[in-house]
Amino acid sequence: MNTVNVLRNHILFNGLSSVEVQHILPQLRNRDYQAGQNIFHAKQTATCLFLLVEGLVRVGYIAPNGDYKILDICEEGDIFGEMFLGDYRFRIGQAQAMTEASAYILREEELYALIHRYPQIAINFIRHLSDSKRRLFARLHALQRTEAKSRLLGTLLSLARTMCCQSGSYFVLNQAITQQDIADMTGLNRSTVSSLINRLRQAEILGGTGRYLVVDVPHMEKLLHDEGFELLE
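Throughout, residues of each chain are indexed from 1 in the direction in which the sequence is written. Residue-level local features of this predicted model are given only where pLDDT is at least 70; pairs of side-chain atoms are given and counted only at 80 or more, and the full residue set underlies all totals for whole chains, interfaces and linings. Working from all heavy atoms in the structure, the side-chain values ignore hydrogens and water.

**Q** Looking at this model, I keep getting lost on the overall build of the chain. Mind explaining?
**A** Numbering of helices and strands runs from the N terminus; a helix is a DSSP stretch of H or I covering at least four residues, while a strand is a stretch of E covering at least two. Secondary structure assignment for the chain yields eight helices and eleven strands. In this description the radius of gyration comes from C-alpha coordinates, and the expected globular size is given by 2.2 Å times residues to the power 0.38. A globule of 233 residues ought to have a C-alpha radius of gyration of about 17 Å, and the chain, at 19 Å, matches this closely. For the chain, the spread of C-alpha atoms along the principal axes amounts to about 55 × 40 × 30 Å. Taking all 233 residues of the chain together, 47% fall into the buried category. Look at the contacts in the chain between residues 6 or more apart in sequence, and 71% of them connect residues 24 or more apart. Surface accessibility in these figures is a Shrake-Rupley result with a 1.4 Å probe; residues are shielded only by whichever protein chains are displayed. A total accessible area of about 12,100 Å² is found for the chain, and carbon and sulfur atoms account for 49% of it. Here the positive residues are Lys and Arg and the negative ones are Asp and Glu; neither His nor the chain ends is included. Just so you know, the charge point we use is NZ for Lys, CZ for Arg, CG for Asp and CD for Glu. The positive charge centre, built from 24 side chains, and the negative charge centre, built from 25, are 3 Å apart in the chain. Only protein chains enter the area calculation, which uses a 1.4 Å probe; residues under 20% of their type maximum are buried, those over 50% are exposed, and those in between are partly exposed. Contacts are assigned to residue pairs that have any heavy atoms within 4.5 Å of one another.

**Q** Teacher, can you tell me more about the pairing of strand 7 (residues 94–97) here?
**A** As a general feature of sheets, a regular strand has side chains that alternate between the two faces. Of the two faces of strand 7, the one carrying Q94 and Q96 and the one carrying A95 and A97 are both buried. Pairing between strand 2 (residues 38–40) and strand 7: two bridges, direction antiparallel. Paired with N38 across the bridge in strand 7 is Q96. Judged from the four bridges that link them, strand 4 (residues 57–62) and strand 7 form a sheet pairing that is antiparallel. Among the inter-strand pairings, V59 is bridged to a residue of strand 7, identified as A95. Two strands pair if DSSP finds at least two bridges between them.

**Q** Please clarify how unusual backbone geometry should be interpreted in this entry.
**A** Trans peptide bonds make up the majority, and among non-glycine residues the majority have a negative phi. A positive phi angle, near 75°, is found at K43, a position not held by glycine. Inspection of the secondary structure puts K43 in the loop between strand 2 and strand 3 (48–54). When its relative accessible area of 75% is taken as the criterion, K43 is described as exposed.

**Q** Would you explain the state of the cysteines in this entry?
**A** As used in these notes, a disulfide is a covalent bond between sulfur atoms, one from each of two cysteines. Note on terminology: disulfide denotes any pair of cysteine sulfur atoms within 2.5 Å. Across all of its chains, the model carries zero disulfides by this definition. Free cysteine: C48, not disulfide-bonded; nearest cysteine sulfur from C74 at 14 Å.

**Q** When you look at a nonpolar patch on the surface in this model, what are you seeing that I'm missing?
**A** Each patch is built from residues that are more than 30% exposed by relative accessible area and take part in no salt bridge. Like charges join if they lie within 9 Å; nonpolar side chains (Val, Leu, Ile, Met, Phe, Trp, Tyr) join within 5 Å. We define a salt bridge as a side-chain nitrogen of Lys or Arg found within 4 Å of a carboxyl oxygen belonging to Asp or Glu. A cluster of nonpolar side chains, namely M83, Y88, F90 and I92, defines an oily patch on the protein surface of about 480 Å² accessible area. With respect to the helices and strands, the residue F90 is situated in the loop between strand 6 (79–80) and strand 7.

**Q** Mind showing me how you'd approach the pattern of salt bridges here?
**A** When the charged atoms of two side chains with opposite charge come close together, those side chains can pair. Inspection of the entire model under this criterion finds two salt bridges. Two residues, R58 and D181, come together in a salt bridge whose shortest N-O distance is 2.5 Å. Of this pair, R58 sits in strand 4 while D181 sits in helix 6 (residues 179–186), placing them 123 residues apart in sequence. With respect to burial, R58 and D181 carry one shared label: buried. Note that R89 and E108 form a salt bridge whose closest N and O atoms lie 2.4 Å from each other. Of this pair, R89 sits in the loop between strand 6 and strand 7 while E108 sits in helix 3 (residues 108–117), placing them 19 residues apart in sequence. Using a relative accessible area of 34% as the deciding quantity, one classes R89 as partly exposed. Classification of E108 as buried rests on a relative accessible area of 17%.

**Q** Any chance you could explain the packing of helix 5 (residues 148–163) against helix 7 (residues 190–202) here in plain terms?
**A** How two helices pack is summed up by the angle between their axes together with the distance between the axes. Throughout, an axis means a line fitted to C-alpha atoms (over the contacting stretch in the case of helices), and angles, computed between N-to-C directions, take values from 0 to 180 degrees. The contact between helix 5 and helix 7 brings their axes to 11 Å, and the two run at 80°. Taken together, the axis directions place helix 5 and helix 7 in an arrangement best described as roughly perpendicular. When helix 5 is examined against helix 7, the residues A148, K149, L152 and L153 are found in contact with a partner set consisting of T192, V193, L196, I197 and L200. Residues of the contact of helix 5 with helix 7, tallied by class, amount to seven nonpolar, one polar and one charged. Any angle between 65 and 115 degrees counts as roughly perpendicular, while under 35 counts as roughly parallel, over 145 as roughly antiparallel, and the rest as oblique. Under the scheme applied, nonpolar residues are Ala, Val, Leu, Ile, Met, Phe, Trp, Tyr, Cys and Pro; charged residues are Asp, Glu, Lys and Arg; polar residues are all the others, including Gly.

**Q** Any chance you could explain the packing of aromatic side chains here in plain terms?
**A** To describe a pair of aromatic rings, one takes the distance between the centres and the angle between the planes. Here a pair means two rings of Phe, Tyr or Trp (six-membered ring of Trp) with centres within 6.5 Å. Their orientation is stacked below 30 degrees between planes, edge-to-face above 60, and tilted elsewhere. Using the criterion set out here, one finds four aromatic pairs in the structure. Ring plane angle 80° and centroid distance 6.2 Å describe the contact between Y88 and F90, whose orientation is recorded as edge-to-face. One aromatic cluster is present, formed by F40, F50 and F80 through successive ring pairs. We count a charge as sitting over a ring when the NZ of a lysine or the CZ of an arginine lies within 6 Å of the ring centre and within 35 degrees of the ring normal. The ring centre of F40 lies 4.2 Å from the NZ or CZ of R91, which sits over that ring.

Here it is, written out as structure tokens:
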């Protein structure tokens, strides 16, 4: 794996030259994680963010009653663990590798030093925060629906737009994302999600079998629009 090329393709370093990334590389610490391994925990003191370069990571929250909710699923090229860069200096959720994963760790002071030297990094980071907030609004919009099918479809559409495409294409859900994960994202139980997925496959809105889930993005957008679901893009 050409590390410089991998990092040049990462959102934080978009627009930087190979020489610039080569100079940055010694300031980053790489960590590898096994599937199921915790990366950080809620209420842990936060001092760094993570640049995911391989694998899938879920960021979740355990409610006082023990319920687990997934706040976000990150894939290679994403940034996670940055929410402490403000008034709150602790983790509000926990991060766990869903597959074998690799990330570069960047401490707060290192981020600020890089921004001072390479202003493009600041622009990239602001874009990341803006895109993340927009995706969050789209997921919250789906969760506000009381009808289970709309909540599921809205969440799948949000995943498709985040991990694949804006429109006009099919999206194959990463098989590391289980029906339980989808249930944890939508606030539904697993049996409801499984039943809905089977019904949506019969209606040819979803394809695939088992964990192999194919989303027909244009069909889903039209269905949600016809049901009065405002599509946030």
